[in-house]
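These are the residues of each chain, in order.
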Amino acid sequence: MRNSSASTIDRRGVMLVLSSPSGAGKSSIAREILSKNSEIELSVSVTTRAQRPSEIEGTHYHFIDQKRFSAMRDRNELLEWAEVHGNFYGTPRDPVEEALSAGRDVLFDIDWQGTRQLHERMPEDLVRIFVLPPSIDELKSRLERRAEDSADVIAKRLANSALEMEQWSEYDYVIINEKLELSVARVQSILDAERMRRDRVVGINMFVEGLINQL
Ligand code: 5GP
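Moving on, we come to unusual backbone geometry. Phi is positive for N76, close to 65 degrees, though the residue is something other than glycine. A relative accessible area of 47% means that N76 is categorised as partly exposed. Residue H85 is not a glycine yet carries a positive backbone phi of 50 degrees. On the secondary structure map, H85 appears in the loop between β5 (78-84) and β6 (87-92). In this structure H85 comes out as buried when scored by relative accessible area, which is 13%.

Turning our attention to the sheet that holds β5. Taken together, four strands build an open sheet; the order of strands is β4-β3-β6-β5 and the sheet is mixed. Each of the sheet's edge strands pairs with one partner strand only, and the pair in question is β4 (62-63) and β5. As paired elements, strand β3 (residues 46-47) and β6 share two bridges and run antiparallel to each other. Looking across to β6, one finds that T47 is bridged to Y89. Together, β3, β5 and β6 form the strand contacts of helix α2 (residues 66-74), whose direction differs from that of β5 by roughly 140 degrees.

Scoring rules and cut-offs
- All residue numbers here refer to positions counted from 1 along the written sequence of the relevant chain.
- Whole-chain, interface and lining totals are the exception, using all residues; otherwise, since this is a predicted model, local features are given only for residues with pLDDT of at least 70 and side-chain atom pairs are given and counted only at 80 or more.
- Processing note: side-chain calculations cover all non-hydrogen atoms of the structure and skip hydrogens and water entirely.
- Under the scheme applied here, a residue whose accessible area is under 20% of the maximum for its type counts as buried, over 50% as exposed, and between as partly exposed, the area being computed with a 1.4 Å probe on protein chains only.
- A run of H or I in DSSP counts as a helix once it spans at least four residues, and a run of E counts as a strand once it spans at least two, with each numbered from the N terminus.
- Paired strands, as defined in this entry, are two strands with at least two bridges between them according to DSSP.
- Two residues form a contact once any of their heavy atoms are found within 4.5 Å.
- Simply put, an axis is a line fit to the C-alpha atoms, just over the touching stretch for a helix, and the angle between two N-to-C directions goes from 0 to 180 degrees.

Shown next as structure tokens:
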């Protein structure tokens, strides 16, 4: 019988969003969470931004031109989209819907504008975490250490960080990223707890019935 043992209970996937100002360390947290959890996959965004030397097409982003981006947006192929630091970014709809319907979790590294759109569309699936830097000095030095962006790109990102940080109160959880391992452990506990929310564990009724029937 389906759902007769605890390990076969179906659950709805979690849509886990990580947002932060550029340089707060959110991508490192995302990388660690992905490597520790086989049931979660990264939503790979499309972007019109230029590819950084360390980035791999299809792994970090799908790098596309403005024309293709507009076409995808107009065909409603993006679950959300936004202009961030002068470039366009968007979440392709199909992979997210496929993952969720298969009971897998999806991790989103997107900004507050996109998070707001996802929240309007699928509030019950979304878990929003905002990552703050421990200080502005640390934010600056992380941006500079990355050394893949030009000085004017770094300056633009720093200038935008005030507006981004002001959005923290729209999120469910806030993490101050002082130490990577600690932040990863905190995101992991949020994910573990959210996976067990009663309304996500869709097969629990049959499981409880099965338990009771054995009495
Ligand atoms: P970066 O250029 O540093 O990779 O990303 C810049 C910002 O765009 C980051 O805050 C990142 O989270 C955000 N971003 C990346 N992909 C998407 C997306 O698909 N949608 C939205 N709304 N923001 C995104």
